[in-house]
Amino acid sequence: MGKSRRNRAKGAKRSDPIAKPAKPPLDPELAAIREKSILPVLKDLQSPEPKSRTAAAGAIANIIQDTKCRKLLLREKIVHIILNETLTDASLESRAAGWEILRVLTAEEEADFCVHLYRMDVMTAIQHPCAKITNAFKSITPVFSRIAKAEQHFIWSIAESLAAIISALAEAQDEALDAAVRSEQIVSFLFILVTTNFTPARVLNSALSCMITLSEDNQKFVEAILKDNTTYCYNYLDELKDGDGHKAVLACGVMHNVFSVAQWNDHNPGRDGSRDAYLVPTLSGTLEHTQLNGGVMNGYGSPTTVEVLRLALEILASIGTTLQETLEKGSRGKNQESPEDLDDKDDAMDADDGEQLSDNDLAGEGEEMDQDEMEADMDMVTGPDDHGHEIEGIDDLPTLKELVQKAIPQVVRLFKTCNGNDEPSNLIRTHALTTLNNISWTVSCIDFTEGSNAAILRAWNPVAQTIWKQAIAPVLLSDTSDVELATIVTSLAWAIARTLHGRTFLGGDEQKKFISLYHASKNLDPDKDDPFQGLGVKCIGVLGQLALDAPIALNREIGIFLLTVVKALPETPAADTVEALNQLFDIYGDENKQWDKEVFWRDNFLQHLEEAAPRVKTMVKTIDKRTSTELRARAEEASLNLSRFIQYKQKHRP
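Residues numbered from 1 in each chain as written. Predicted model: local features only at pLDDT ≥ 70, side-chain atom pairs only at ≥ 80, totals over all residues. Heavy atoms only, no water.

### Observations regarding the overall build of the protein chain
- Per the secondary structure count, the protein chain includes 31 helices and zero strands.
- Across the 654 residues of the protein chain, 51% fall into the buried class.
- Of the contacts made within the protein chain by residues no fewer than 6 positions apart, 76% connect residues no fewer than 24 positions apart.
- Accessible surface, the protein chain: about 31,500 Å² in total, of which carbon and sulfur atoms supply 48%. (Helix = DSSP H or I, 4+ residues; strand = E, 2+ residues; numbered from the N terminus. Buried < 20%, exposed > 50% of the residue type's maximum accessible area, 1.4 Å probe, protein only. Contact = heavy atoms within 4.5 Å. Areas by Shrake-Rupley, 256 points an atom, 1.4 Å probe, with all protein chains shown as cover.)

What follows is the structure, given as structure tokens:
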């Protein structure tokens, strides 16, 4: 036992690895900065003199904004010093500077820094000042407004920093998010900041921004907001969202998250009819009025202006996506019958790669099918006509009505005005397109073959054509080299084209632009997470929709392009092949269409598809089921549908 005690004693004398002096950097410039600016201020930060510590903390809070100084301070273990000394300093000013230093670090460093900070138990350190600030606001003796102005200033500074740090930690790690939501001190602190009528704007904005982070898909935090009978935070949020400026947009962000989690929507309104439709006017008004200074459009907008516009667009984009869930849950008369099981899934595609493809493989099952069976097969291939979305008129969907009538016109106008090549303009333009994309895809999923949805289609048509002419066409004409911009525009075009069948909206040779974009996409790295989100797939999707109800010449041009994509196997990516086949099925699945005879049969499409079928089957076998489950499943389905499509066409020659 004595030996054991000696070992412990020896261990106690070991040097603290955190306290070990950092090696000076090899770079002469950094070494000079370290000697001149970093080491002296760190020495003062740990000085026994309170005034020296306070001055040093303030100095570090200023210089840490500089990247080089920040990296050097991190090398010198500044976080350890702040957590263990500065945040417990007797001086309120020193503590305020310490929290400001951590705020800058969490904002400027990567997410792994926040994870590291959380693992250093910073949440425990955060809860103490949160509780003190909450108590200070509730205090009667003295009343907060009666304490010294300097003290008030430092308390507000700490509050702003704490909210920003909590938000950064929650964004970086789910554990930190859960810890923040479980903490009564943190939740009460945020609620008191939002509901105190004398909270400075910058502190209120920081608290609201933090609440957006904590409330996203978080049942516990949303329940805390709705059940708060102490500060009545929800009521204050409801008032703030009807205001203007940054705080109104932030309040809309929190409210949108609350509505989403509580499932308050057009079919199930919440308190006083609360739903996303109530937020759209404020967000649309923000887009209209925030740009009046012209700063963002010329590249000189303040960060606050850019942030307000970005956040408003992000919330509108999220509302557009959430609306799709509302339509799905609220639709009536959905077809409850599941498609018949496809026994063919276990056919030759799952056999060894060396298996020979027989003629029967090409034709499908090799068995004769009667007329009803063949037509049922074609329904599977092309998809049912009735999507089951009996949505009624646009007045029954106030959120969609607000988006179409108020939001989209302002988003399009903002997109047109942001025509500079500077970073702020590019950022806002990209977010504007994303917002239009989300809303348009939601609308495109409505079944407009249902007569009850005719009112929605009438309201949507002019808006959709405006989006095409004023947002999509200009980007195509610019021949942009921005891949991200091209991908978003192509996705938006796909959604718009899905809703404008039979209507003249092309302003020129847009189809050639998409064909050129497709060929350019071959030089891009594929999206490994979801190959169906690639630019190539989206180009194919747009073109397929443009071919529907199109003039014969345009239909032929696009049809030949889609055939070429399939016949280019094995060079063509699997996802591109699947989408091209699906579009071909949709375009030429109805023999009553004029292009069936004039294009499909006159240009001998059937023979080309028959020749491509073996290559499609081979492509399917090359896809690993374990690493690309969805791609393999969709490829198998496309191959099976191709066999059925060929068999159907063989029996229905004109």
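### Focus: the packing of aromatic side chains
- The tally for this structure, following the rule as stated, stands at 18 aromatic pairs.
- Plain terms: the ring middles of F137 and F144 are 4.9 Å apart, the flat faces sit at 80° to each other, and that makes the pair edge-to-face. With respect to class, F137 is no different from F144; both count as buried.
- What links up through ring pairs into an aromatic cluster is the set F585, Y588, F600, W601, F605 and F645.
- The ring of Y234 carries R271 above its face, with NZ or CZ at 5.0 Å from the centroid. (Phe/Tyr/Trp six-rings, centres within 6.5 Å; stacked < 30°, edge-to-face > 60°. Lys NZ or Arg CZ within 6 Å of the ring centre and 35° of its normal.)

### Observations regarding the layout of surface pockets
- The calculated volume of the second largest pocket comes to roughly 1,300 Å³.
- The dominant element in the lining of the second largest pocket, judged by the number of residues it contributes, is helix α18 (residues 303-330), at 14 residues.
- Partitioned by chemical class, the residues of the lining of the second largest pocket number 14 nonpolar, 18 polar and 14 charged. (1 Å grid on protein atoms, 1.4 Å probe; cavity = no way out; pocket = protein on both sides within 12 Å on 5 of 7 lines; lining within 4 Å. Points joined across faces, edges and corners; volume = space filled by probe spheres on them. Nonpolar A, V, L, I, M, F, W, Y, C, P; charged D, E, K, R; others polar.)

### Here we look at the pattern of salt bridges
- Within this structure, the stated rule accounts for 23 salt bridges.
- We note a salt bridge from K241 to D238, for which the minimum N-O separation is 2.7 Å.
- We classify D238 as partly exposed; its relative accessible area is 25%.
- Linking R275 and D266 is a salt bridge whose minimum nitrogen-to-oxygen distance equals 3.8 Å.
- The buried category is assigned to R275, whose relative accessible area is 17%. (Salt bridge = Lys/Arg side-chain N within 4 Å of Asp/Glu carboxyl O.)

### So, the packing of helix α21 (residues 398-417) against helix α22 (residues 423-444)
- Here α21 crosses α22 at 150°, and the two axes come no closer than 10 Å. Considered as vectors, α21 and α22 are oriented roughly antiparallel to each other. Pair α21 / α22 crosses with left-handed handedness. Where α21 abuts α22, its residues L400, L403, I408, V411, V412, L414 and F415 lie against I428, R429, A432, L433, T435, L436, I439 and V443.
- Tallied by class, the residues present in the contact of α21 with α22 amount to 13 nonpolar, one polar and one charged. (Axes fitted to C-alpha atoms, helices over the stretch in contact; angles between N-to-C directions. Parallel < 35°, antiparallel > 145°, perpendicular 65-115°, else oblique. Left-handed = near helix turned anticlockwise from the far one by under 90°.)

### Considerations on α21
- Across its 20 residues, α21 extends 28 Å between first and last C-alpha, which sits within 8% of the 28 Å expected from 1.5 Å per residue.
- In the structure, α21 departs most strongly from a straight axis at A407, where the bend amounts to approximately 40° and where the proline P409 lies between one and four residues downstream.
- Where α21 is concerned, the buried positions are T399, L400, E402, L403, V404, A407, I408, Q410, V411, V412, L414 and F415. (Expected span 1.5 Å × (residues − 1). Bend = angle between axes of the 7 residues up to and from the residue.)

### Quick notes on the side chain of T195
- Within the secondary structure, T195 sits in helix α11 (residues 184-195).
- With a relative accessible area of 10%, T195 lands in the buried category.
- Excluding its chain neighbours within four sequence positions, the residues that come into contact with T195 are T231, Y232, C233 and Y236.

### Focus: the nonpolar core
- I126, L169, L190, M211 and I467 are the most contacted members of the largest nonpolar core, which has 195 residues in total.
- When sequence neighbours within four positions are dropped, the list of residues in contact with L169 reads C114, L117, Y118, V122, M123, I126 and A176. (Core = buried A, V, L, I, M, F, W, Y, C linked by side-chain atoms within 4.5 Å.)

### A closer look at the confidence of the model for the protein chain
- Of the residues in the protein chain, 85% reach a pLDDT of 70 or more, and the chain-wide mean stands at 85.
- Below pLDDT 50 for its whole length, residues 1-19 participates in three contacts with residues either more than four positions away or in separate chains.
- Scored below 50 in pLDDT, residues 294-301 shows 24 contacts in the model against residues more than four places distant or in partner chains. (pLDDT = per-residue confidence, 0-100.)

### Digging into the environment of K649
- Take K649: it is sitting in helix α31 (residues 629-651).
- What makes K649 buried here is its relative accessible area of 1%.
- In this structure the C-alpha to C-alpha distance between K649 and Y588, which are 61 residues apart in sequence, comes to 9.4 Å.

### Thoughts on unusual backbone geometry
- A cis amide bond links L569 to the next residue, P570, at an omega of 10°.
- Considering the arrangement of structural elements, one finds P570 in the loop between α27 (552-567) and α28 (574-588).
- Non-glycine residue D121 carries a positive phi angle of around 65°.
- Along the chain, D121 falls in the loop between α7 (111-119) and α8 (122-138).

### A short note on the state of the cysteines
- Applying the stated criterion across every chain yields a total of zero disulfides.
- Left without a disulfide partner, C210 is nearest to the cysteine sulfur of C130, which lies 8.8 Å away.
- Exposure remark for C210: the relative accessible area of 0% places this residue in the buried category. (Disulfide = S-S within 2.5 Å.)

### A closer look at the side chain of R310
- Tracing the sequence through the fold places R310 in helix α18.
- The class for R310 is buried, based on a relative accessible area of 18%.
- Only 2.6 Å separates the side chain of R310 from the side chain of E314, close enough to count as a polar contact.
- Look past the residues within four positions of R310 in its chain and what remains in contact with it is L427, I428 and H431. (Polar contact = N/O pair within 3.5 Å; in protein donor to acceptor, adjacent residues only side chain to side chain.)

### Things to note about the environment of H116
- Note on placement: H116 falls in helix α7.
- It is 9.6 Å that separates the C-alpha atoms of H116 and L169, two residues lying 53 residues apart in sequence.

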